[in-house]
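Next come the chains, spelled out residue by residue.
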Amino acid sequence: MLTVIAGKEEPVTKPEYASDRKLAGRCLCGAVQYEVADEFAYAANCHCSNCRRTTGSAFKPFAGIGREKLHLTKGDDKLMIFGDESGNDTHCKLCGSLLYSLVRDGTFVHVAMGTLVDDPSIRPAQHIFVGSKAPWFTITDDLPQYQEHVIAGPVSA
Ligand SMILES: [Zn+2]
Ligand SMILES: [Zn+2]
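Values in this document were obtained by computation on a predicted structure and should not be read as measured data.

(A) Structural view of the overall build of the protein chain. Of the regular secondary structure elements, the protein chain holds one helix and twelve strands. Burial statistics for the protein chain: of 157 residues in total, 31% are counted as buried.

(B) Here's a closer look at the sheet that holds strand S11 (residues 108–112). Taken in spatial order, the seven strands line up as S8-S9-S10-S11-S6-S5-S12 in an open sheet, and their pairing is mixed. Pairing within the sheet leaves two strands with one partner each, and these edge strands are strand S8 (79–84) and strand S12 (127–128). Bridge analysis of strand S9 (residues 87–92) against strand S10 (residues 98–103) gives four bridges, and the strand direction is antiparallel. Across the sheet, residue His91 finds its bridge partner in S10, namely Leu98.

(C) Structural detail: the nonpolar core. If you look at the biggest cluster of nonpolar residues, it comprises 31 residues, and the most contacted ones within it are Phe62, Ile65, Leu99 and Val111. Mapped onto this core, the elements with two or more residues apiece are strand S3 (22–26), strand S4 (33–37), strand S5 (42–46), strand S6 (60–66), S10 and S11. Among all residues touching Leu99, those that are not within four sequence positions of it are Gly25, Cys27, Val32, Tyr34, Thr90, His91, Cys92, Ala112 and Thr115.

(D) Structural detail: unusual backbone geometry. Within the chain, Asp105 stands out as a residue other than glycine whose phi angle is a positive 55°. Relative to the elements of secondary structure, Asp105 occurs in the loop between S10 and S11. Even without being glycine, Phe129 reaches a positive phi, approximately 55°. Relative to the helices and strands, Phe129 is located in the segment after S12.

(E) Structural detail: the environment of Cys48. Relative to the helices and strands, Cys48 is located in the loop between S5 and helix H1 (49–55). The class of Cys48 is partly exposed, set by 18 C-beta atoms lying within 10 Å. Once the C-alpha coordinates of Cys48 and Gly131 are considered, the two residues, 83 residues apart in sequence, prove to be 7.9 Å apart. Non-local contacts of Cys48, meaning those with residues more than four positions away in its chain, are made with Phe129 and Ser132.

(F) Up close: the pairing of S4. By the criterion of burial, S4 is predominantly enclosed, with four of the five residues buried. Bridge analysis of S3 against S4 gives five bridges, and the strand direction is antiparallel. Across the sheet, residue Arg26 finds its bridge partner in S4, namely Gln33. Hairpin connection between S3 and S4: a loop of six residues separates the two successive antiparallel strands, and Gly30 in this loop has a positive phi of roughly 90°. The pairing of S4 with strand S7 (residues 70–74) spans four bridges and is antiparallel. Residue pairing across strands places Glu35 opposite His71, the latter belonging to S7.

(G) Focus on the sheet that holds S3. With antiparallel pairing, the three strands of this open sheet are ordered in space as S3-S4-S7. Both outer strands of the open sheet, S3 and S7, are each paired with one neighbouring strand and no more. Each strand of the sheet is rotated relative to its neighbour by a mean of 30°, with strand direction disregarded.

(H) Main features of the pairing of S8. Among the six residues of S8, zero are classified as buried, and the element is accordingly described as predominantly exposed. Alignment of S8 against S9, held across six bridges, turns out to be antiparallel. Bridged to Leu79 within S9 is Cys92. A loop of two residues connects S8 with S9, the two strands running antiparallel in sequence.

Criteria and thresholds
- Residues numbered from 1 in each chain as written.
- Chains lettered and ligands numbered in written order.
- Predicted model: local features only at pLDDT ≥ 70, side-chain atom pairs only at ≥ 80, totals over all residues.
- Helix = DSSP H or I, 4+ residues; strand = E, 2+ residues; numbered from the N terminus.
- Buried ≥ 20, exposed ≤ 12 C-beta atoms within 10 Å, placed from the backbone.
- Pairing = 2+ DSSP bridges.
- Core = buried A, V, L, I, M, F, W, Y, C linked by C-beta atoms within 7 Å.
- Contact = placed C-beta atoms within 7 Å.
- Axes fitted to C-alpha atoms, helices over the stretch in contact; angles between N-to-C directions.

Following this line, the structure appears as structure tokens:
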């Protein structure tokens, strides 16, 4: 649930209830809204060309969690799904926002962190697919960088 007061988004959940804390998220127009447990397993900034194109940005900050921990609270008939049940990008079909991607044969979702209303406990911990990073973008933080997936090893210095 999202409460909008004079244009300001009020967080729905409060940190003091951290045990079963839920995070709200929504698309640009508000037609699609979701709730996800604040129990992300990992988070990263992905610089691959697919993430760049689907977001129109230099990279995509995303957080991964089991699919069953994310529920749509509004707009399940307003989705534009690019892909299928084994893997896809799920957008709002009205405003186009990328909300999350279904990955790992449909068992996990990668939430596009820019659509979260509430502040998650997790932070992106690394840059991945730096090997296909946009040349016009410079990484200026100290997070570890990986050529591809984390499992493939760090960028050699
Ligand atoms: Zn929308
Ligand atoms: Zn990517």
